[in-house]
Amino acid sequence: MTRRFQPRSTPAENLRIVIHTIPWRLLILLPLLILLAIPAYYYGRHAGQKVFPTMTNFFYNLTGSPSAATPTPFPPFPTALPQVGSLLYTVQSGDSCDEILFRQMHMADAGTIFTDVKPNTIQALDASIGQNCHALQDGMVLTLSPQYPLIVLGGEVLKVDPTSSQQVLPTPVINVVHQQQLGTDCSGGCLLAVRVAQGVQVRLFVQTTLPVKAGSWVWAQAALARKNIKDFDTYPYADPLASLNGMSLRACDLQIDNRHDDNSLTCSQLLPNTIDDDGGAWLFGVTGPRSLGHWGYSLHLPTGTRVLLWLTTDTNGDLKFHQGNPVFRYDDATHVYVRE
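Throughout this description, residue numbers start from 1 for each chain and increase along the sequence as written. It should be noted that, the model being predicted, local features are given only for residues of pLDDT at least 70 and side-chain atom pairs only at 80 or more, the latter also being counted only at that level, while totals for whole chains, interfaces and linings use all residues. Each side-chain value is worked out from all heavy atoms of the structure, with water and hydrogens disregarded.

**Considerations on the pairing of strand β12 (residues 327-331)**
Phase 1 of the analysis: When a residue's accessible area, from a 1.4 Å probe over protein chains only, is under 20% of the maximum for its type it is buried; when over 50% it is exposed; and in between it is partly exposed. In DSSP terms, a helix is any run of H or I states spanning at least four residues, a strand is any run of E spanning at least two, and both are numbered starting from the N terminus. With four of five residues buried, β12 is to be regarded as a mostly interior element.
Phase 2 of the analysis: Relative to β12, strand β10 (residues 306-313) runs antiparallel, the two sharing three bridges. Across the sheet, Leu308 pairs through a bridge with Phe328, a residue of β12.
Phase 3 of the analysis: Bridge count between β12 and strand β13 (residues 336-339): four bridges; the pairing is antiparallel. Each residue of the ladder has a partner; that of Phe328, found in β13, is Arg339.
Phase 4 of the analysis: With antiparallel pairing between neighbouring strands as the criterion, β12 and β13 make up a hairpin whose turn holds four residues, including His335 at a positive phi of roughly 60 degrees. By the convention used here, strands pair only if DSSP detects at least 2 bridges between them.

Right, here's the structure in full:
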C-alpha cells in the first residue's frame, strides 16, 4: 500500500492559522489595552512611591504606637544665678601654700599641679592667691578658689546640635511622627543652647541616651569653664570675671524634662579634675527649688542665696552633700564667700 506524506506547513501558514483562531474583537482590543497599560503603569509607579510611606505610617499609628509624653510645665527662671568666686584665708605660722590648699580646699594634688619644675604654674598660683607662695608671712590674706569647680543649673533647651554624624536613613523615608517628637539622639554628644535666665544663655555639652529636643527643660550639674593660662592646660580655677552668659559647660549629671539619665557621664570623667584624689568636688549653686533644691540639697538658708559647698564622693563614686560639709555664702558687699 502506497503511503501518502502531507507536506509540512510553513511558519507563515502557521501564523495565519493562529490568527484565524483568535476572535477579531480581541485583535482590535489588544492594541487599545497596550496603549492604556503604559501610562497607567507610569503614573501608578510614581503615585505608589508617595502612597506607600503614607499608608505605612497610617497603619503604624493605627497599631498603637506609643503616645507622646505630656510635656512638663517649665519652672520659672531663677532670679539669681550661681556666682563664681573665692574665699579669704589668713596665713598662720608655719603655713605653706600646699598645706593651705590641702586643709582649706581639700586639694590633695596641689603640689603636683603647682610645681617648681614648671615655674609658670607657680606664677599662676601666686596670681590667683594674691601673694608669693615662697614668701608667706603670718597675717597675710590669701584669696582661695575652688579647684575644678562644678555648677548646678536648669533651663530651656533652645537648640540641639549633634557633635557626631547622624545615621543616614534608607529610602523611601517613612515619616513616623512619634519618633520625630522624641528628639535628637545625643549618645555621641550634643551641644545644647540653653536659656538659664532671661537674657542669659549657656552652651551645654551633653552625652546622653535620653532623646533631646528644642523646648525640653534640662537640669544639670556641670563642669565650669576654667581660665585659660598659656602652657598650663590643667589650670584648676575658673575665671571670676567671666560671664555665665555664653559660657561653655560640660554636663556630668543630667535630667531631661522629668527623666534622669542614670547612665550619664560622672563628674570625675570630665578631665582634667582631681575628684578621686580629693575625695569630692566644689559646687556653685543657689538655694531653693529652682537650683540646689531640685537635687535634694537641704540648706537652711533663704531661697536665692548664692552658695559654694563641698560634695563628698561616696563608695559608688557619686558626689553627695552631707550635713557638716563646708558651706560658704556669697557676700554681696565684699564679693567673697564666707563660711556658714
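After that view of the structure, there is still more to cover.
**Some remarks on the nonpolar core**
Phase 1 of the analysis: Nonpolar core, defined: a set of buried Ala, Val, Leu, Ile, Met, Phe, Trp, Tyr and Cys residues in which side-chain atoms within 4.5 Å join the residues together. Counting 61 residues, the largest nonpolar core has Leu101, Phe114, Leu144, Leu192, Leu204 and Leu249 as its most contacted members.
Phase 2 of the analysis: A contact between two residues is defined here by any heavy atoms of the two lying within 4.5 Å. Those residues in contact with Leu204 that lie beyond four places of it in its chain are Cys190, Leu191, Leu192, Val194, Val218, Ala220, Ala222, Leu249, Arg250 and Ala251.
Phase 3 of the analysis: By size, the runner-up hydrophobic cluster in this structure holds 23 residues, among which are Leu150, Leu270, Val307 and Val327.

**Re the state of the cysteines**
Phase 1 of the analysis: Any cysteine sulfur atom paired with another within 2.5 Å is treated as part of a disulfide. The full count for this structure, using the stated rule, is three disulfides.
Phase 2 of the analysis: For Cys97, the disulfide goes to Cys133, at an S-S distance of 1.9 Å. Here Cys97 and Cys133 share a disulfide; its torsion about the S-S bond, -105 degrees, makes the bridge left-handed. Here the residue Cys97 occupies a position in helix α3 (residues 97-105), and Cys133 occupies one in the loop between α5 (119-129) and β2 (141-144), the gap between them amounting to 36 residues. Considered together, Cys97 and Cys133 belong to a single accessibility category, that of buried residues.
Phase 3 of the analysis: The disulfide that involves Cys186 links it to Cys190, with 2.1 Å between the sulfurs. Between Cys186 and Cys190, the S-S torsion sits near -95 degrees, and that sign places the bridge as left-handed. Across the pair, exposure class does not vary: Cys186 and Cys190 are buried alike.
Phase 4 of the analysis: If you count the bonded cysteines of the chain from the N-terminus, they pair up as 1-2, 3-4, 5-6.

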